[in-house]
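Spelled out from the first residue to the last, the chains are:
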Amino acid sequence: MVSSNTDIGYNSKVEGGVIVSKADAVINWIRTNSLWPMPMGLACCAIELMAAGASKFDIARFGAEVMRFSPRQSDVMIVAGTVTYKMAPVVRRIYDQMAAPKWAIAMGACASSGGMYRSYATMQGVDRIIPVDVYVSGCPPRPEALLDALIKLQDKVGTEASTSNLLKA
Amino acid sequence: MIAQELLAALQGVAPQTSERPSADCPAFNCPLDSLIPVLRALRDNHGYDMLVDATGLDNGVESSPRFTVLYHLLSTATHSYARIAADCADDETPLAPSAVELWPAAEWHERECFDLLGIKYENHPDLRRILMWDEYPHHPLRKDFPLAGHEEDLWDQEISDETGTKVISAPMMGGPFVAKSSKFENEREPRAKDESWNEKNPKPEGQSRK
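Only a predicted model underlies this, so the values are computations on that prediction, with no experimental measurement involved.

Calculation rules
- Residues numbered from 1 in each chain as written.
- Chains lettered and ligands numbered in written order.
- Predicted model: local features only at pLDDT ≥ 70, side-chain atom pairs only at ≥ 80, totals over all residues.
- Heavy atoms only, no water.
- Salt bridge = Lys/Arg side-chain N within 4 Å of Asp/Glu carboxyl O.
- Helix = DSSP H or I, 4+ residues; strand = E, 2+ residues; numbered from the N terminus.
- Buried < 20%, exposed > 50% of the residue type's maximum accessible area, 1.4 Å probe, protein only.
- Phe/Tyr/Trp six-rings, centres within 6.5 Å; stacked < 30°, edge-to-face > 60°.
- Lys NZ or Arg CZ within 6 Å of the ring centre and 35° of its normal.
- Core = buried A, V, L, I, M, F, W, Y, C linked by side-chain atoms within 4.5 Å.
- Contact = heavy atoms within 4.5 Å.
- Pairing = 2+ DSSP bridges.
- Axes fitted to C-alpha atoms, helices over the stretch in contact; angles between N-to-C directions.

Caption draft 1: Here's a closer look at the pattern of salt bridges. Within the structure shown, the criterion is met by 17 salt bridges over all chains. A salt bridge links Asp96 of chain A to Arg92 of chain A, with the nearest nitrogen and oxygen atoms 3.1 Å apart. Remark: Arg92 of chain A and Asp96 of chain A occur in helix α3 (residues 88-97); sequence separation between them is four residues, near one turn of the helix. Of the charged contacts in the structure, one is a salt bridge between Glu101 of chain B and Arg40 of chain B, with a shortest N-O distance of 3.3 Å. Here Glu101 of chain B, found in the loop between β6 (95-97) and α3 (106-117), pairs with Arg40 of chain B, found in helix α2 (residues 35-45); they are 61 residues apart in sequence, far enough to count as distant. Of the residues examined, Glu101 of chain B reaches a relative accessible area of 52% and is grouped as exposed. Judged by its relative accessible area of 33%, Arg40 of chain B falls in the partly exposed class. Several salt bridges share partner residues, and in doing so they unite Arg92 and Asp96 of chain A together with Glu162 of chain B into one network.

Here is the structure:
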């Protein structure tokens, strides 16, 4: 398993004094633990997404409970459901409106590959229009599967070279 | 019994009205130009006060008349249904009168029928597509339209240019996918109808996409 690069130098002898760490570790630690989702609920997967947000599964345990319906304030777009060609440009436009750094989860068979809808109206996978970081299988996936995807995304965010990316930008 | 009485009454409105084969409720064929008077008579004189469904039929590419419009009515007093069908004259750009003046509920039904079958309703207050996007050039429920669809540009040109993505015809891979009836659950899994080709084995040459 990939482990998060979030080890910060901690020593009880210098408690209240100094903490030495890497900028990447600090930035990634902050980012991984508050991934605010943009809920792109398009079909029945959105119901499981709601369940993941409710008390039984409680996505707040992973710092992702703040579902932002404004793309400006969100970090990860969770595409939950069937992406039709009529909706696809809207999905992309909302993704464009999200501030970087941003990630995307394709939740369920439809968002990942078009699922059972091999027809004229359905986009065959949302990765044709936005870059996807984590795919979740299932029709619909259980909330645990979404939480697993979120943890995988956290691991991925934890290994990013955030500082050099920031300096490059 | 009801069918015979209704037929006699409707022939008073439009003499060419005839009975239509039906497995359930009374059904009638009527000429297109007397469709609205017939519907009005059913509503005002026979208590069919509710429009349950307005839809259309594509009888097949070779058929003429090719398109039929259908109206399903319900009498909320007697709980009986009736079905009225009228054939469209033109097989390429079918025209039909709109029933919105009789039942406002017909508006969205007729928009759907226009969207998917391409039947144009005259005197419809707002005849736009309801499911597909406005610029879509086809009518997907016509018999000559393949399930996979045709290649098109996305309706948003900016997004289309940015992502280089188009509307593609869906990979059928031996589909459409159907569930066979069986008492074993693993055999009821949806499978491709034509399993001779899939992602690994290409489709045999010389077969059309339809």
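Caption draft 2: Fine view of the packing of aromatic side chains. A complete count under the given rule lists two aromatic pairs over all chains for this structure. Both rings, one in Tyr120 of chain A and one in Phe145 of chain B, keep their centres 5.2 Å apart while their planes meet at 90°; by these two values the pair is edge-to-face. Of this pair, Tyr120 of chain A sits in the loop between α4 (108-113) and β4 (134-136) while Phe145 of chain B sits in the loop between β7 (120-122) and β8 (152-153), on two different chains. What makes Tyr120 of chain A buried here is its relative accessible area of 14%. Overall, the relative accessible area of 10% leaves Phe145 of chain B in the buried class. Considering the side-chain rings of Trp133 of chain B and Tyr136 of chain B, the 4.8 Å spacing of their centres and the 65° angle between planes classify their relative orientation as edge-to-face. In this structure, Lys102 of chain A is placed above the aromatic ring of Tyr95 of chain A, and the distance from its NZ or CZ to the ring centre is 4.5 Å.

Caption draft 3: The arrangement of the nonpolar core in detail. All names here are of chain B. Leu35, Leu39, Leu42, Val69, Tyr71, Ile84 and Ile119 are the most contacted members of the largest nonpolar core, which has 34 residues in total. Elements with a minimum of two residues in this core: α1 (2-13), α2, β3 (50-58), β4 (67-75), β5 (80-87) and α3. Top contributing element to this core by residue count: α2, with six residues. Those residues within four positions of Val69 in sequence are excluded, and the remaining contacts are Leu32, Leu35, Thr55, Gly56, Ile84, Ala85, Ala86, Cys88, Ala96, Ile119 and Tyr121.

Caption draft 4: Seen up close, the sheet that holds strand β2 (residues 76-80) of chain A. Residue and element names in this part refer to chain A. Pairing is parallel across the open sheet formed by four strands, whose spatial order is β1-β2-β3-β4. The sheet is open, and its two edges are formed by β1 (37-41) and β4, each paired on a single side. Averaged over neighbouring strand pairs, the angle between their axes works out to 15° when direction is ignored. As paired elements, strand β3 (residues 103-107) and β4 share three bridges and run parallel to each other. By the bridge assignment for β4, Ala106 is matched with Tyr135. Here helix α2 (residues 45-53) sits on the sheet in contact with β1, β2 and β3, set at roughly 130° to β2.

Caption draft 5: Examining the environment of Gly138 of chain A more closely. Residues and elements named next belong to chain A. Secondary-structure assignment places Gly138 in the loop between β4 and α5 (143-158). For Gly138, a relative accessible area of 29% puts it in the partly exposed group. Each C-alpha atom, one on Gly138 and one on Trp29, is 29 Å from the other, the two residues being 109 residues apart in sequence. Not counting the four nearest positions on each side in its chain, Gly138 is found in contact with Gly108 and Ala109.

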